[in-house]
Amino acid sequence: MASDSDEDYDDLDFENGSEADEDIDEDILDALEGDLAAAAAAEGTEVEEETDSETSDGGSDDDDADEDDASPHKDLERVLTQTLQEATLPSKPSSPATESPITIDAPQPQAENRPPSPAQLRRMRILSNLRWPRSFTVEAICAIPHPCATHALASSLCMTHLITGSDDGYIRDYDLFSAVNGKVFLTAPQRQHCGVIEGIMKAGQIRCWWENAIPSYNPDGTVREAPLYPVYSLAMQSDALWSLAGSDQGHVSLFTVRHSPGRLCHVMHGHRGPVSSLALQHDEKGFFSAGWDGEAIHWDLNTGAMARRFSAHGAQLAVVAVRPLNSNFVQSQWGTIPPGSEFNVPMKGAREENSQPYGASMQPPNGGHLLKQEEDAKSDTSYDPLFDEPDADGDGGDAKPAVNPYIHQQTNGQGMGRGAIAPKGAPPILDPTTYTSFSSDLLMTAHVDGQVILWDRRVQTPGKGVGRLWMSEKTPPWCMSACWSADGSQIYVGRRNGTVEIYDVRQTGRAASGTPKIWKTLRNPLSSGVVSCVVAFPDGRHLACASTDNIRLWNVAEAGEPDASGKLKSGVQFKIIPGHHGGFVSQMLVDPAARFLVSASSNRGWHGEHTKTVFVHEVKHLW
């Protein structure tokens with residue numbers, strides 16, 4: 001019995017040391033994240049089995065004995081523990097996991113390389129490998145009658161969804177491809193309503209419609225009949241997931257389109273009058289709104305809150321537009337341009353090498369003559385292209401045949417005249433120093449009084465990073481539409497006197513004084529009326545401008561330019577786009593592939609006549 005008890009106590013003594021070592025190992029393993037577990041478990045596998053059986057039998061008596069007999073062996077246990085650590089740690093390969101997490105930072109996870117989303121794939125497929133032709137022809141193929149004036153248009157990137165906003169407070173969603181590919185034609189009453197008397201015209205195919213209203217509730221919780229708000233501006237997400245609608249009361253509503261169409265998600269209040277224009281950011285995480293209160297507001301769609309206000313001189317805003325992403329047109333977001341069809345308008349700065357002002361090559365060898373002037377402006381230097389008009393017959397009186405009455409090429413420092421008086425509170429005219437510091441991320445706002453202002457979106461300081469474009473004193477105070485060119489290098493501004501001014505915003509050095517100047521002026525016939533809307537084609541060469549009589553297609557790159565032999569083109573340099581006639585055009589849009597042009601008619605709340613028809617035009621490419 002004595003021998004058995006001695007063996008038991010020896011086993012217990014050995015187990016005490018083993019348990020102490022195991023406790024120390026567990027603390028170390030917890031700090032080292034489990035790397036030493038295998039070594040400690042291999043040494044005490046047999047002892048742990050005996051310990052488990054004896055602990056289950058012995059309980060508290062063995063623990064008391066351990067407390068009495070373990071003290072003589074504590075020094076030995078400490079030595080064994082240090083020996084075990086010194087023998088085990090060098091045997092492990094060095095790795096970040098065996099180092100102390102207190103002193104060594106954990107490895108950073110690598111960024112996940114996510115594949116393109118379906119929306120990005122669709123966008124890349126639509127905008128890639130586009131080839132632009134030499135010219136276009138445009139003809140109306142579909143008419144969509146409306147009960148009242150249509151103030152705004154918007155579409156998805158692929159033009160599958162086309163929505164219209166009207167003065168009756170309804171937003172209508174149309175299936176464009178079903179309309180143009182279908183066999184449903186206008187009925188006789190519809191033809192009379194649309195003013196289409198001759199020819200065969202297809203009818204629109206509507207998907208759905210919803211009300212532009214904000215629901216309200218009675219005190220007892222019942223839904224109150226909400227008034228309808230006229231829709232003055234629209235914008236749509238590229239995949240038609242949602243759309244924005246600006247009303248005449250100053251609020252912007254967010255609706256769903258593709259799924260559960262017409263469901264109101266959020267209402268953003270910020271303007272004190274009608275919202276005349278909306279523009280989405282390139283990432284579609286925010287947008288800009290322009291109102292009759294003279295302010296442009298930047299909204300954050302992640303929070304639905306206002307991010308920034310752009311305030312100038314208080315004049316009503318007609319347009320707000322974000323500059324296209326890439327200013328290099330050959331490698332632009334619209335695709336690769338084939339050789340020979342690049343946007344070949346020369347840079348103004350390149351003419352400094354020849355030491356001659358830009359536009360000097362436009363003059364005939366004998367110096368030529370300018371157009372016939374009014375009696376109060378006889379000299380060449382007093383001629384202003386924005387106000388003085390050619391003769392009604394278009395021959396320009398005594399002008400040489402080489403001078404085209406529809407295009408005026410601007411020369412630096414000549415014919416510019418005096419600038420218009422700055423409105424009270426308006427920002428100063430852009431100077432070379434300020435404009436050089438501008439980033440390419442520009443925001444353009446056009447005011448009804450004719451002023452066009454550029455904002456550097458990076459600058460948050462009030463009064464900084466802003467400047468207005470130069471305008472002649474004879475320019476009439478009226479601007480209903482303005483837009484960027486597809487490559488972001490030019491601004492097209494429609495004027496009340498039937499002209500379209502083209503500003504070149506590229507930094508071109510001394511020849512252009514380092515600031516955007518009027519590069520050329522396109523003149524419609526005198527009987528055309530006010531230019532109510534302009535839209536740029538995605539090829540960067542063509543422009544559609546709408547007047548009271550009809551819509552015209554201009555080739556901006558070739559208008560007023562000499563041919564290969566150095567001769568100027570004579571005669572009319574625009575094409576008539578049939579369809580619209582007899583009223584203001586509120587908005588036009590062209591899809592990124594230049595397949596369709598859609599136009600709507602209304603006076604946008606201002607004075608003027610309008611029609612009640614939305615026309616869909618097919619754009620044919622001429623190679």
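Residues numbered from 1 in each chain as written. Predicted model: local features only at pLDDT ≥ 70, side-chain atom pairs only at ≥ 80, totals over all residues. Heavy atoms only, no water.

**A few points about the packing of aromatic side chains**
- Evaluation of the coordinates by the stated rule reveals 10 aromatic pairs.
- Each ring, one from W210 and one from F255, has its centre 6.2 Å from the other, and the planes form 45°; the classification is tilted. Taken as a pair, W210 in strand β6 (residues 206-211) and F255 in strand β11 (residues 251-256) lie far apart in primary sequence, 45 residues in all.
- When the ring of F288 is compared with that of F310, the centres are 6.1 Å apart and the planes differ by 55°; the resulting orientation is tilted. (Phe/Tyr/Trp six-rings, centres within 6.5 Å; stacked < 30°, edge-to-face > 60°. Helix = DSSP H or I, 4+ residues; strand = E, 2+ residues; numbered from the N terminus.)

**Describing the nonpolar core**
- Grouped together as the largest cluster of nonpolar side chains are 27 residues, with contacts concentrated most on M444, L454, L469, W484, I491 and V493.
- For this core, the secondary structure elements donating two or more residues are β17 (317-322), β21 (442-447), β22 (452-456), β24 (482-484) and β25 (490-494).
- Excluding residues within four positions of it along the chain, W484 makes contact with A321, V322, R323, P324, L442, M444, L454, Q490, I491, V505 and A536.
- Formed by 19 residues, the second largest nonpolar core is a distinct cluster that contains V138, V535, V585 and A593. (Core = buried A, V, L, I, M, F, W, Y, C linked by side-chain atoms within 4.5 Å. Buried < 20%, exposed > 50% of the residue type's maximum accessible area, 1.4 Å probe, protein only. Contact = heavy atoms within 4.5 Å.)

**Concerning the sheet that holds strand β23 (residues 466-468)**
- Spatial strand order, β17-β21-β22-β23: 4 strands in an open sheet with antiparallel pairing. Bordering the open sheet on either side are β17 and β23, each of which pairs with just one other strand. Ignoring strand direction, the axes of neighbouring strands in this sheet form an average angle of 20°.
- By the bridge criterion, 3 bridges tie β22 to β23 in an arrangement that is antiparallel. Bridge pairing in β23 places W455 opposite V466. (Pairing = 2+ DSSP bridges. Axes fitted to C-alpha atoms, helices over the stretch in contact; angles between N-to-C directions.)

**Notes on the pairing of strand β2 (residues 150-155)**
- Extensive coverage of β2 is indicated by the burial of 6 of its 6 residues.
- Once β2 ends, the chain turns through 5 residues before running back antiparallel as strand β3 (residues 161-166), passing M159 with a positive phi of about 65°.

**Details of the side chain of R495**
- Looking at the secondary structure, you find R495 in the loop between β25 and β26 (499-504).
- Reaching out from R495, the side chain makes a polar contact with the backbone oxygen of G450 at a distance of 2.8 Å.
- Contact partners of R495, with chain neighbours within four places excluded, come to G450, M471, T475, W478, C479, E501, Y503, V530 and V531. (Polar contact = N/O pair within 3.5 Å; in protein donor to acceptor, adjacent residues only side chain to side chain.)

**Points about the sheet that holds strand β34 (residues 613-622)**
- Reading across from one edge, β5-β1-β34-β33-β32 is the order of the 5 strands in this open sheet, with mixed pairing throughout. The open sheet has two edge strands with one neighbour each: β5 (202-203) and β32 (585-590).
- Summarising the sheet, strand β1 (residues 135-145) and β34 pair through 10 bridges and their orientation is antiparallel. When the sheet's bridge partners are listed, C142 is paired in β34 with V616.

**Thoughts on unusual backbone geometry**
- Phi is positive for E284, close to 60°, though the residue is something other than glycine.
- Relative to the assigned elements, E284 resides in the loop between β13 (275-280) and β14 (286-291).
- Although it is not a glycine, R604 sits at a positive phi angle of roughly 55°.

**Topic: the pattern of salt bridges**
- Within the structure shown, the criterion is met by 10 salt bridges.
- Taking the shortest distance from any N to any O, the salt bridge between D591 and R595 comes out at 3.0 Å.
- R595 sits in the partly exposed class, given a relative accessible area of 31%. (Salt bridge = Lys/Arg side-chain N within 4 Å of Asp/Glu carboxyl O.)

**Quick look at the pairing of β21**
- Of all the 6 residues making up β21, 6 are buried; the element is thus mostly covered by neighbouring parts of the structure.
- As judged from the 5 bridges shared by β17 and β21, these two strands associate in the antiparallel manner. Its bridge partner being in β21, V319 is matched across the sheet by A446.
- In the sheet, β21 pairs with β22 via 5 bridges, with the strands oriented antiparallel. Bridging across to β22, L442 finds its partner in D456.

Spatial relationships are all this shows, so hold off on functional conclusions.
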